[in-house]
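As a plain string of letters, each chain reads:
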Amino acid sequence: EQVGGRCSASAGAPLLVVLAHNRQQFLKDSITALAGLAGAEKFLLRVSLDDPSCFAEMTGAVGAVAADAGREVVVWKKTSAFPAVEGKAGINDFDASAVSKIAQHYFFAFVRAFETENATYAVFMEDDLRPAPDLLSYFFDLKWLFEADSSLLCVSAWNDN
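Everything in this summary refers to the structure shown in the same document. Note that the structure is a prediction, hence the values are computed from the model and not measured. (Residues numbered from 1 in each chain as written. Predicted model: local features only at pLDDT ≥ 70, side-chain atom pairs only at ≥ 80, totals over all residues. Heavy atoms only, no water.)

**Regarding a nonpolar patch on the surface**
Here comes step 1: Residues Trp144, Leu145 and Leu152 make up a contiguous nonpolar surface patch of roughly 280 Å² in combined accessible area.
Here comes step 2: Relative to the helices and strands, Trp144 is located in helix α4 (residues 135-148). (Patch = residues over 30% accessible without salt bridge, like charges linked within 9 Å, V, L, I, M, F, W, Y side chains within 5 Å. Areas by Shrake-Rupley, 256 points an atom, 1.4 Å probe, with all protein chains shown as cover. Salt bridge = Lys/Arg side-chain N within 4 Å of Asp/Glu carboxyl O. Helix = DSSP H or I, 4+ residues; strand = E, 2+ residues; numbered from the N terminus.)

Now the structure itself:
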C-alpha cells in the first residue's frame, strides 16, 4: 500500500525498510529521522508492519508523516497467514515467543525486499532505533567492499554496546 507524497529515488534504488509492530509514535519518529538524513532521497522508503489489529492506525500514521516529509512510503503488511517460501524454512515454522515473532517479521521483510521487489540492496531498521547522521553515507561508502568480497553476507551498523 502506497502512502504519502512523491518519491525522488529511481526504480532500482536501495530500500530503506522500517520494521514496526504497533507503536505509532516510534514509527513516526523513525520515518521523520530517516527521511531527514543526508542521502535519504537515494532510497525507496518501506514500512513493514506485523500486527494486523493495528494495520489501519499504523498505515494512517505512516501516511501523515510521509506527507509531512514529502516522501512516498510503501507499507508492507505481514499477516499470520504468510506462506512458506519454497525451499526455505516456513515463516510459520517458528514458536510464539517474542524473539520468534521478530524473526518471522524479519524473514517476511527480507522476502519482500529481495524476492518480491528484487532489491539489490536494503537497509533494515526497527522503529525504536534512531539513526546516526552518517548512517546512509556509511552504507554507501562500504558498498564497494560488499561488492568486491563475495564472502561478505552483509554490511552492518549494529552495535549492541
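Past the structure itself, the notes keep going.
**Focus: helix α1 (residues 24-35)**
Here comes step 1: Between its first and last C-alpha, α1 extends 16 Å over 12 residues, near the 16 Å set by a 1.5 Å rise per residue.
Here comes step 2: Of the residues making up α1, those classed as buried are Leu27, Ser30, Ile31 and Leu34. Taken around the axis of α1, the buried residues stretch over an arc of 95°, which confines them to a single face.
Here comes step 3: Contacts from the buried residues of α1 go to β2 (15-20), β3 (44-49), α2 (55-69), β5 (122-126) and α4. (Expected span 1.5 Å × (residues − 1). Buried < 20%, exposed > 50% of the residue type's maximum accessible area, 1.4 Å probe, protein only. Arc of directions from axis to C-beta. Contact = heavy atoms within 4.5 Å.)

**Some points on the nonpolar core**
Here comes step 1: One finds Leu27, Val47 and Leu49 to be the most contacted residues of the largest nonpolar core, which totals 25 residues.
Here comes step 2: Listed by contribution, the elements that provide at least two residues to this core are β2, α1, β3, α2, β4 (72-77), β5 and α4.
Here comes step 3: Within the second largest apolar cluster, 11 residues are counted, among which are Leu19, Leu44, Trp76 and Ala109. (Core = buried A, V, L, I, M, F, W, Y, C linked by side-chain atoms within 4.5 Å.)

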